Amino acid sequence: MTATFQIPLDIPDVHILSTRSGEKGEFILEVESSLNATTCRRCGREITEFHGYDQPILLRHLPVFGRDVWIEIRPKRYRCPHCDDHPTTTQRLSWHEPRSPHTKAFDAWLVSMLGNSTVSDVSRRCHVGHDAVEGAVNRCIRAKVDWADYTQLRTLGIDEIALKKGHKDFVAIITTLDKNDQVCVLAILPNRLKETVVTFLNSIPAHLKATVKRVCCDMHEGYSNAIKETLPHAHIVVDRFHVAQYYNKAVDNLRKETLTTLKKNLPEDIYQQYCQGMLWPFRHHFWSLDAEQQAQVSHFLGYAPELKQAWLLRHELTATFMKYQTKAEAKQQLDAWKQKVTESGLSCFDKFLTLLETWQDSITNYFEDRHTSGFVEGLNNKLKVIKRRCYGLLDVKRFFQQIQIDLRFARGQSFA
Ligand SMILES: [Zn+2]
């Protein structure tokens, strides 16, 4: 004798008629609805005139003890006495969505399995087809934002990511922070053109639009023009991480040029000992290196006085951005920094200076409340992981759904 015990089915309003095992050891539970009414699909009134049973349908349900479980039910039909030709309506069940091959509980479970995973993996592990997983996603996860979830927006972030490896086609990611300062993805736009961003920003309901105080974004005219047009009262904020990308790159380009020259001019052993392998310590903040790395960088820069000057200016600018100060103070410091660059005679910052000139107001807006899109810190990484994991499989809509799944999964939130 096998020891047995009872577990509740946790499906409301049904009786179990019978249970049996299928060919592969799966459980098949035959159930019947205990409700004796439904809503007429035409007039919307409650109808109770029983018309008969439909053909039985099999629905996948949550597995038990490693075995697949199926619910078998013959849906009840009811006839409407109020409508002219007395149409019949199949009874709606709270635990099943019409035409779904799964119970709602199974859908939610499949989607939870998809957190930090891929459709292929879930398909294999849960013994369901690709389409079944995709179906569950589409039934459980909205393909676009529901504005009813928000009472205010305060800060929006616009950022971008190349959806396909090596592609220059960027998708724009629109984010906000909820009341617990957690990042929420509002949309993934198929490109970063001004018109696309305008269309999205204009889709925000007016009462929410009015609550947008600032938009954090990169120095990209498509964004700033879209924001000025649709949210004229909002401040445009370019956060320090975005600015840093540009001046770091300027200094890094000079590093590459300098290395080429040094390789030609220095004895090979000196070059190998002091100049090679400096990428990591060179790129990092001097103050975050250990003593040995600091000595290495100092020695290397001893061979490259121009690069050293650029490297010092880079650190000075980073320190300015890290310092808590007012917008006016920051503006003064930036002006002083520009002056130093001009006096240095360095040309590596030329492009960056132009950028700084154009965007100075938005850049110094950062100092008002030090807002960032929040994107750079955590979400960016998640998006990159999704991209790597689901390489080539995702369109913009599925990308949006997958990031919602991963964010909920990371926060331990349910999918039911
Ligand atoms: Zn009716």
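Note that the structure is a prediction, hence the values are computed from the model and not measured.

### Structural notes on the overall build of the chain
For step 1, the next point in the chain: Check the secondary structure of the chain and you find 15 helices and 14 strands.
For step 2, the next point in the chain: Computed over the C-alpha atoms, the radius of gyration of the chain is 30 Å, more than 25% above the 22 Å expected from 2.2 N^0.38 for a compact globule of 416 residues.
For step 3, the next point in the chain: Principal axes of the C-alpha set define a box for the chain whose edges measure 90 × 55 × 35 Å.
For step 4, the next point in the chain: Nonlocal contacts in the chain, meaning residues at least 24 apart in sequence, comprise 60% of its contacts between residues at least 6 apart.

### Section: the domain arrangement of the chain
For step 1, the next point in the chain: Each assigned domain of the chain is listed with its residue range as follows: domain 1 (1-96), domain 2 (99-140), domain 3 (147-239 + 391-410) and domain 4 (243-369).
For step 2, the next point in the chain: For domain 1 and domain 3, the distance between their C-alpha centroids amounts to 42 Å.

### Description of the coordination of the zinc ion
For step 1, the next point in the chain: Here the zinc ion is held by Cys40 (SG), Cys43 (SG), Cys80 (SG) and Cys83 (SG), and the distances to it run 2.3 to 2.4 Å.
For step 2, the next point in the chain: In this structure, the zinc ion is surrounded by 4 donor atoms whose angles at the metal cover 102 to 113°, and the resulting shape is tetrahedral.

### Section: the pairing of strand S8 (residues 76-79)
For step 1, the next point in the chain: Residue alternation in S8 divides its side chains into a buried set, Lys76 and Tyr78, and an unburied set, Arg77 and Arg79.
For step 2, the next point in the chain: In the sheet, strand S5 (residues 49-53) pairs with S8 via 4 bridges, with the strands oriented antiparallel. Each residue of the ladder has a partner; that of Phe50, found in S8, is Tyr78.

### Section: the side chain of Arg370
For step 1, the next point in the chain: Here Arg370 lies in the loop between helix H13 (350-369) and helix H14 (375-389).
For step 2, the next point in the chain: At a separation of 3.2 Å, a polar atom in the side chain of Arg370 contacts the main-chain carbonyl oxygen of Met322.
For step 3, the next point in the chain: Apart from the residues within four sequence positions on either side, Arg370 is in contact with Arg240, Phe321, Met322, Lys323 and Tyr324.

### Thoughts on the sheet that holds S8
For step 1, the next point in the chain: Strand order in the open sheet formed by 3 strands is S5-S8-S9, and the pairing between neighbours is antiparallel. Each edge of the open sheet carries a strand with a single partner, namely S5 and strand S9 (88-90). Recorded for the sheet is a direction-independent mean angle of 35° between the axes of neighbouring strands.
For step 2, the next point in the chain: Relative to S9, S8 runs antiparallel, the two being bridged by 3 bridges. Each residue of the ladder has a partner; that of Arg77, found in S9, is Thr90.

### Notes on the sheet that holds strand S10 (residues 154-162)
For step 1, the next point in the chain: A sheet is described by the order of its strands in space; here 5 strands give the open sequence S12-S11-S10-S13-S14, paired in mixed fashion. Unpaired on one side and paired on the other, strand S12 (183-189) and strand S14 (235-237) mark the two borders of the sheet. Each neighbouring strand pair of the sheet contributes to a mean axis angle of 25°, computed without reference to strand direction.
For step 2, the next point in the chain: In this structure, strand S13 (residues 212-217) lies alongside S14, joined through 3 bridges in parallel fashion. When the bridges of S14 are listed, Arg214 appears paired with His235.
For step 3, the next point in the chain: Each of S10, strand S11 (170-177) and S12 touches helix H4 (residues 194-202); the most contacted strand, S12, lies at about 130° to it.

Reading the values: rules and limits
- Residues numbered from 1 in each chain as written.
- Predicted model: local features only at pLDDT ≥ 70, side-chain atom pairs only at ≥ 80, totals over all residues.
- Heavy atoms only, no water.
- Helix = DSSP H or I, 4+ residues; strand = E, 2+ residues; numbered from the N terminus.
- Rg over C-alpha atoms; globule rule 2.2 N^0.38 Å.
- Contact = heavy atoms within 4.5 Å.
- Domains from an automatic or database assignment.
- Donors = N, O, S within 2.8 Å, 3.2 Å for Na, K, Ca; no water.
- Tetrahedral: all angles 85-135°; square planar, octahedral: opposite > 155°, others 65-115°.
- Buried < 20%, exposed > 50% of the residue type's maximum accessible area, 1.4 Å probe, protein only.
- Pairing = 2+ DSSP bridges.
- Polar contact = N/O pair within 3.5 Å; in protein donor to acceptor, adjacent residues only side chain to side chain.
- Axes fitted to C-alpha atoms, helices over the stretch in contact; angles between N-to-C directions.

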